[in-house]
Amino acid sequence: MILWQRLSAGLRSHHVTRLVVLSVLVGVVAGVGALAFNLVLDTSNEVFLHRIVGYELPKPGGEGATVMPEPPQRRWLLLIVPALGGLLSGLLVFTFAPEAEGHGTDAMIDSYHRKGGVIRKRIPFLKTLASALTIGTGGSAGREGPIAQVGAGFGSALGGWLKASDRERRILLLAGAGAGIGAVFRAPLGGAIFASEVLYREMEFESAALVPTFIASIISYSIYSGVTGKWGAIFAVPPLQFNHPLELPLYVLLGVACAGMGILYVKSFYGTRDWVFRRLPVPRHIKPMLGGLAVGGLGYFLPQVLSMGYGWVQLAMDGQLPLTLILIVAFAKIAATSLTISSGGSGGVFAPSMVIGGLLGAAFGIVGQRLLPGIVMQPAAFALVGMAGFFAGAAKTPVSSLIMVSEMTKGYGLLAPLMLTTTVSYLLTPRRISLYEHQVNRRADSPAHEGEFVTDILERIQVADAMPRAATPTVLRRDAPLPEILEMVAGSQQHVFPVVNPDGTLAGVIYFDDIRIFFTERGLPARAVVAQDLLANEITTIAREEDLSAALRKFRIAGREELPVVSITDPQRIVGVLSRHHILAAYHDRVPSSRPPSTPTSTGS
C-alpha cells in the first residue's frame, strides 16, 4: 500500500514520465484484454455456430487455412441461435449498463468529448461478454468496438485511480482504445492513429495523444502477438504492386463507388435504428433478440452474412467467389449489420465495413479485368483498396484506414492507389454522414477543448466588429443635472455612461451602480448634483482597433460588465460602449455549435 502511494505520488509529479509509464500500463492491460476478448469470442463461436448450428466460418489467410465452408448442417437453428445471442446480450447490456449497447467506438468518442473521459468500470467486462454473445451466435458485427471500449475503459479507470486531470484521463482513454485495436487487428500504427483521428469528421488529430497511443499500441500488440504467435497480417495477399498508371482512373471510380456505398451503409444503419427499432413498442432488452431473429432469417438463405466475415473477403481476393455472389453478400452485409447493431446488439462496425468494402472492391476488380484485361491484372488489389476506401468515407478516417489496411494485408505496394481511393471517398462523402454520430467536426467544436481556442479566436476579432452597429450610446453632458441624468439612465440599457466636455471630449464615466441610490432615496439635493459630481475615480477605455482578447483582459482588470470605446487615434473621443455580452456574441458567431444534430440525415443517423 505504501509502495503504491509513493508510486502514485511520483507519477503525479512528473508529467511526461507519468504519461509514458501509464501508457505502458494501459498497453499491457489492453493486450491482455484483447487476448481475453478473443478467447471469449472464439469460445462463443465454437459453441454456438460450430457445435450447435454445425457451421464453420471461413477464416482469413493469417488466421488459418481459408477453405470454402460446407453449408450449415442444422440450418434451421439459424432461426434461433442469433436471436438467442441477441436476447442474452440485450438482457446483459440493458440491465447493467445501457451505454454498452451498439458499437463501442462511438461510446468512447462520446466519453472523450462530453464525459471527461469517464467510462464506468463495469463496461469493459459487460462489453466483452455482450459482444462475444452477439458475434459468436452469428450477429454481423466486429471486434473493433468492444476492444476499443475495453482498452479505453481501463485507461479511464487508471486515470481515475491516480486522480489525473480530465485532459490526462482523456489521453489515457485514447491510448487504451488505440492499443486494443492495434493488438486485435495486428495493426499497431493504424490502431494508434485511428484512436486520434476518429474523434473528428474533418482532417484533424488529437495530436497530444499520439505518443501515448503509439507506446500503448506497441506494448499491447507485442503481448497479443507474442502469446498467440500471430505476428503477420490478418489477410494472406500475394505481392501486389501498383505499376500501371492507367489504373489510376479506375481507382478514382472505386473511390466514387465506395463513397456511394458508404452513404447507403450509414443511412441504412441509422435509419434501421431510428425508423424501425426505436419505434417498436417492446422493451429495449428484447429488441436485440428481434434483430438477431431477422439476421438469422437472412443467414438461413445467405450464411455468408453471419458474424465478422473476413474469410469471405479472403475467398473473394483469392478468386474463389462468383461476381454475383460477391455483390449480393456486399449489400446483404449492410442489412445484416444494421439489424444486428441498430437493434441494440453489441459489436463493432469496422469488420463489417472491411467486408463490405473488400467485396465491393473485389467486384470492381473482376469487372475491370473483364473489360480491360491489359490494365487490370490483379483484381485482388481492388479488393484491398476497397476496404480502406469504404471505411475512410463512412468513418471519416482516411489516414488510419489506409494504414490499418496496409498493416492487415501487408499491401504496402499499393500505397498510391490507397491514398487516391481513400481521398476520393472521404471527399465525396458528406461531412454529416458518418458511422460515428458522436464525432464533432473539428477540435474547436469539442467540449473537451472548450476554452483552448477562445484566445486565438478573440485575437482575430476587433472591438469594432463586436460593437452593436445600430445602437447609439447614451452620453451625458458634464453639467447635466441629476433629474436629467436619472431620466436618461432610466430609458437606457447601458451600465456605464460616458460623460463629455462641451467640446465633445471624454471627461469620465458614470457607472449605474454609483447612481442607483438616487432611484430609491428621497430628500436628496437633486438640483445641486450634476454629472461632474458622479464621475468615477478611475476610467478604463477600450480602443475600437484593439482585439477582443485585449478587451477581455481590460474587463477582467476593471471588474466591469461594460466599458466605453474610443478611437486609438483620438482617445478622448467616445465612439461607443462594449459589454461582455457583445464579446460573447461575437465569439459564438465565429464558432459553430458542437451539439450534434438530432435528425438522421444530418449526422448520418
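Below is a summary of the structure that appears in this document. (Residues numbered from 1 in each chain as written. Predicted model: local features only at pLDDT ≥ 70, side-chain atom pairs only at ≥ 80, totals over all residues. Heavy atoms only, no water.)

Considering the packing of helix α15 (residues 379-395) against helix α16 (residues 398-409)
Logical step 1: Where α15 meets α16, the closest approach of the two axes is 8 Å, and the angle between their N-to-C directions is 150°. Taken together, the axis directions place α15 and α16 in an arrangement best described as roughly antiparallel. The way α15 lies across α16 gives a crossing that is right-handed. Two secondary-structure elements touch here, α15 through L384, M387, A388, F391 and A392 and α16 through P398, S401, L402, V405 and T409. (Axes fitted to C-alpha atoms, helices over the stretch in contact; angles between N-to-C directions. Helix = DSSP H or I, 4+ residues; strand = E, 2+ residues; numbered from the N terminus. Parallel < 35°, antiparallel > 145°, perpendicular 65-115°, else oblique. Left-handed = near helix turned anticlockwise from the far one by under 90°. Contact = heavy atoms within 4.5 Å.)

Describing the environment of P281
Logical step 1: Topologically, P281 is positioned in the loop between α10 (248-275) and α11 (287-301).
Logical step 2: Judged by its relative accessible area of 81%, P281 falls in the exposed class.
Logical step 3: Between the alpha carbons of P281 and S353 there is a distance of 30 Å; along the sequence they are 72 residues apart. (Buried < 20%, exposed > 50% of the residue type's maximum accessible area, 1.4 Å probe, protein only.)

Considerations on the pairing of strand β3 (residues 506-511)
One face of the sheet, then the other: side chains in a regular strand alternate in exactly this way.
Logical step 1: Of all six residues that make up β3, five are buried, and the element is covered over most of its length.
Logical step 2: Judged from the five bridges that link them, strand β2 (residues 496-500) and β3 form a sheet pairing that is antiparallel. Of the residues in β3, the one forming a bridge with F497 is I510.
Logical step 3: From the end of β2 to the start of β3, which pair antiparallel, there are five residues, and G504 there has a positive phi angle of about 90°. (Pairing = 2+ DSSP bridges.)

Side note on helix α9 (residues 210-228)
An α-helical segment advances 3.6 residues per turn. Residues three or four places apart therefore align on the same side.
Logical step 1: Taking 1.5 Å per residue, 19 residues should reach 27 Å; α9 reaches 26 Å between its end C-alpha atoms and fits that length.
Logical step 2: For α9, the full list of buried residues reads P212, T213, A216, S217, S220, Y221, Y224 and S225. Down the axis of α9, the smallest arc covering the buried residues is 160°, so these residues share one side.
Logical step 3: Residue G229 follows α9 closely and has a positive phi angle near 75°. (Expected span 1.5 Å × (residues − 1). Arc of directions from axis to C-beta.)

Some remarks on the sheet that holds β3
Logical step 1: Pairing is mixed in the open sheet, where three strands are placed in the order β1-β2-β3. Strands at the two margins of the open sheet, each flanked by one partner only, are β1 (476-477) and β3.
Logical step 2: Where β1 and β2 come together, two bridges link them in parallel fashion. By the bridge assignment for β2, L476 is matched with V499.

Points about the packing of α10 against helix α17 (residues 415-428)
Working note: a packed helix pair is described by the angle between its axes plus the distance between those axes.
Logical step 1: As a packed pair, α10 and α17 sit with axes 8 Å apart at the nearest point and diverge in direction by 35°. Considering only the axes of α10 and α17, their crossing is right-handed. Judged by residue contacts, L248, Y251, V252, L254, G255, V256, C258 and A259 of α10 engage P417, L420, T421, V424, S425 and L428 from α17.

Notes on the side chain of E437
Logical step 1: Positionally, E437 belongs in the loop between α17 and α18 (454-458).
Logical step 2: When its relative accessible area of 15% is taken as the criterion, E437 is described as buried.
Logical step 3: Only 2.7 Å separates the side chain of E437 from the side chain of R273, close enough to count as a polar contact. (Polar contact = N/O pair within 3.5 Å; in protein donor to acceptor, adjacent residues only side chain to side chain.)

A word on the packing of aromatic side chains
Logical step 1: This structure, assessed with the given rule, holds 12 aromatic pairs.
Logical step 2: For the pair F154 and W161, a centre-to-centre distance of 6.2 Å together with 70° between the ring planes defines the contact as edge-to-face.
Logical step 3: We classify W161 as partly exposed; its relative accessible area is 45%.
Logical step 4: Pairing F350 with F391 gives two aromatic rings, centres 4.9 Å apart and planes at 85°, and the pair type is edge-to-face. Remark: F391 occurs in helix α15 and F350 occurs in helix α14 (residues 350-371); sequence separation between them is 41 residues. Comparing F350 with F391 shows no difference in burial state: the two are buried.
Logical step 5: In this structure an aromatic cluster arises from ring pairing among F185, F194, F350 and F391. (Phe/Tyr/Trp six-rings, centres within 6.5 Å; stacked < 30°, edge-to-face > 60°.)

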